Amino acid sequence: MAGWLALMLTVAVAGRETTRELNVFQIMEVRAILGFLMLYPLIRMNGGFTTMRTSRPLQHIGRNLIHYCAQLGWFFALTLIPLGQVVAIEFTMPIWTAILAASFLGERMTVWKTAAIVLGVVGVIIIVRPATGTINPGQLIALGAAVGFGISITMMKSLTRTEPTLAIIFWMLVIQSAAGFLPSLYIWQWPSAYAWGWLVVIAFCGTFSHYCMARAMLYADATVVIPMDFLRVPLSAAAGWLIYSERLDMFTVMGAALILTGNLLNLKAVAQVPARAGT
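In this report, we go over the structure that sits alongside the text. (Residues numbered from 1 in each chain as written. Predicted model: local features only at pLDDT ≥ 70, side-chain atom pairs only at ≥ 80, totals over all residues. Heavy atoms only, no water.)

1. Overview of the overall build of the protein
Counting its regular elements, the protein contains 12 helices and zero strands. If you list the helices and strands of the protein from N to C, you get α-α-α-α-α-α-α-α-α-α-α-α. The buried share among the 279 residues of the protein stands at 50%. If you take every contact in the protein between residues at least 6 apart in sequence, the share linking residues at least 24 apart comes to 91%. Here the protein has roughly 12800 Å² of accessible surface; of this, 72% comes from carbon and sulfur atoms. (Helix = DSSP H or I, 4+ residues; strand = E, 2+ residues; numbered from the N terminus. Buried < 20%, exposed > 50% of the residue type's maximum accessible area, 1.4 Å probe, protein only. Contact = heavy atoms within 4.5 Å. Areas by Shrake-Rupley, 256 points an atom, 1.4 Å probe, with all protein chains shown as cover.)

2. Examining the side chain of Ser-184
Along the chain, Ser-184 falls in helix α8 (residues 165-186). Given a relative accessible area of 3%, Ser-184 falls into the buried group. For Ser-184, the residues in contact, after removing those within four places along its chain, are Phe-25, Gln-26 and Glu-29.

3. A word on the packing of helix α3 (residues 57-78) against helix α7 (residues 137-159)
At a closest axis distance of 8 Å, the pairing of α3 and α7 adopts a crossing angle of 150°. Overall, the two elements α3 and α7 adopt an arrangement that is roughly antiparallel. Pair α3 / α7 crosses with left-handed handedness. Across the interface between the two elements, Gln-59, His-60, Gly-62, Arg-63, Ile-66, His-67, Ala-70, Gln-71, Gly-73, Trp-74, Phe-76 and Ala-77 of α3 pack against Gly-138, Ile-141, Ala-142, Ala-145, Gly-148, Phe-149, Ile-151, Ser-152, Met-155, Met-156, Ser-158 and Leu-159 of α7. Here the residues of the contact of α3 with α7 are counted per class, giving 13 nonpolar, 10 polar and one charged. (Axes fitted to C-alpha atoms, helices over the stretch in contact; angles between N-to-C directions. Parallel < 35°, antiparallel > 145°, perpendicular 65-115°, else oblique. Left-handed = near helix turned anticlockwise from the far one by under 90°. Nonpolar A, V, L, I, M, F, W, Y, C, P; charged D, E, K, R; others polar.)

4. Here's the deal with the environment of Arg-63
Looking at the element boundaries, Arg-63 is found in helix α3. For Arg-63, a relative accessible area of 1% gives the class buried. Put simply, Arg-63 and Ile-151 are 88 residues apart on the chain and 7.6 Å apart in space, counted from C-alpha to C-alpha. Aside from chain neighbours lying at most four places away, what touches Arg-63 is Ser-152, Met-155, Met-156, Leu-159, Ile-168, Met-172 and His-210.

5. Quick notes on the pattern of salt bridges
Within this structure, the stated rule accounts for one salt bridge. Of the charged contacts, one joins Arg-20 and Glu-17 as a salt bridge, the two residues approaching to 3.5 Å between their closest N and O atoms. What makes Arg-20 exposed here is its relative accessible area of 56%. Judged by relative accessible area, Glu-17 falls into the buried class, the value being 12%. (Salt bridge = Lys/Arg side-chain N within 4 Å of Asp/Glu carboxyl O.)

6. Structural notes on the nonpolar core
Ranked by size, the top nonpolar core spans 58 residues in total, and within it Leu-39, Trp-74, Phe-75 and Met-213 carry the most contacts. It is helix α9 (residues 193-219) that provides the largest number of residues to this core, a total of 10 residues. The contact partners of Trp-74, leaving out residues within four places of it in the chain, are Val-11, Ala-12, Val-86, Glu-90, Ala-145 and Phe-149. In this structure, Val-87, Ala-88, Phe-91 and Val-124 belong to the second largest nonpolar core, which totals seven residues. (Core = buried A, V, L, I, M, F, W, Y, C linked by side-chain atoms within 4.5 Å.)

7. Here we look at the packing of aromatic side chains
Counted according to the given criterion, the structure contains 10 aromatic pairs. Ring geometry for Tyr-40 and Phe-49: centres 5.7 Å apart, planes at 35°, overall tilted. The partly exposed category is assigned to Tyr-40, whose relative accessible area is 31%. Relative accessible area serves as the criterion here: at 41%, Phe-49 is assigned to the partly exposed category. Within the aromatic cluster, the residues linked to one another by ring pairs are Phe-36, Tyr-40, Phe-49, Phe-170 and Trp-171. (Phe/Tyr/Trp six-rings, centres within 6.5 Å; stacked < 30°, edge-to-face > 60°.)

What follows is the structure, encoded as structure tokens:
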């Protein structure tokens with residue numbers, strides 16, 4: 001999850017820079033193609049394409065089409081509202097993930113998991129402080145992307161029970177590149193050298209962040225893993241302040257403190273379970 005956090009923070013900055021020049025469909029297509037090339041050595045080292053066979057093609061297709069639409073919305077929202085706010089709104093996602101994981105995957109909602117989610121959501125609200133009056137379309141787009149990410153992550157957790165991590169990432173890249181081929185071809189413009197540099201960063205970080213997430217899902221429940229992702233909110237707010245001079249104030253610090261507290265409580269409770277089992 002530490003790998004996921006670092007890579008996704010880098011993707012957010014790279015996405016902000018790349019959308020200054022390129023359409024989101026083109027960014028997603030180049031990301032998928034470059035990501036596949038970067039993943040290929042790992043595929044070769046683990047037995048080649050024969051090991052990428054799957055008995056659950058429909059779930060791969062459904063999961064990746066939902067994730068593709070959510071990712072498009074996320075990149076588009078980066079062009080409309082501040083970086084910290086995009087990531088903060090995205091963190092309604094753990095609510096949907098926790099509900100879906102408990103409903104369809106049989107995961108148990110403990111007091112500590114619930115506390116981590118509640119404290120995380122309260123922290124996000126303190127950071128964003130939704131204004132009364134008109135609603136920015138970028139906020140609605142970011143919220144829709146959050147729902148899509150929640151569905152996608154729940155389906156990924158289900159896939160980790162039967163599918164190798166590499167196969168999950170392989171099918172993500174194949175399906176998403178096929179989904180975006182025609183739209184990206186229609187609006188294609190050749191990127192500048194500056195944009196190509198950021199596209200390579202997006203491809204690397206976007207691909208291997210999902211590898212980190214899938215591995216984390218293999219070792220822990222979704223309701224344990226996802227609350228840790230709340231840390232991306234204060235980290236993104238800090239990046240927005242340092243790089244883009246976006247506001248960072250006491251409310252952000254207070255929200256970050258609540259998010260961190262919830263994560264520590266949740267992780268402490270998880271660590272105590274094996275200790276009790278051992279004794």
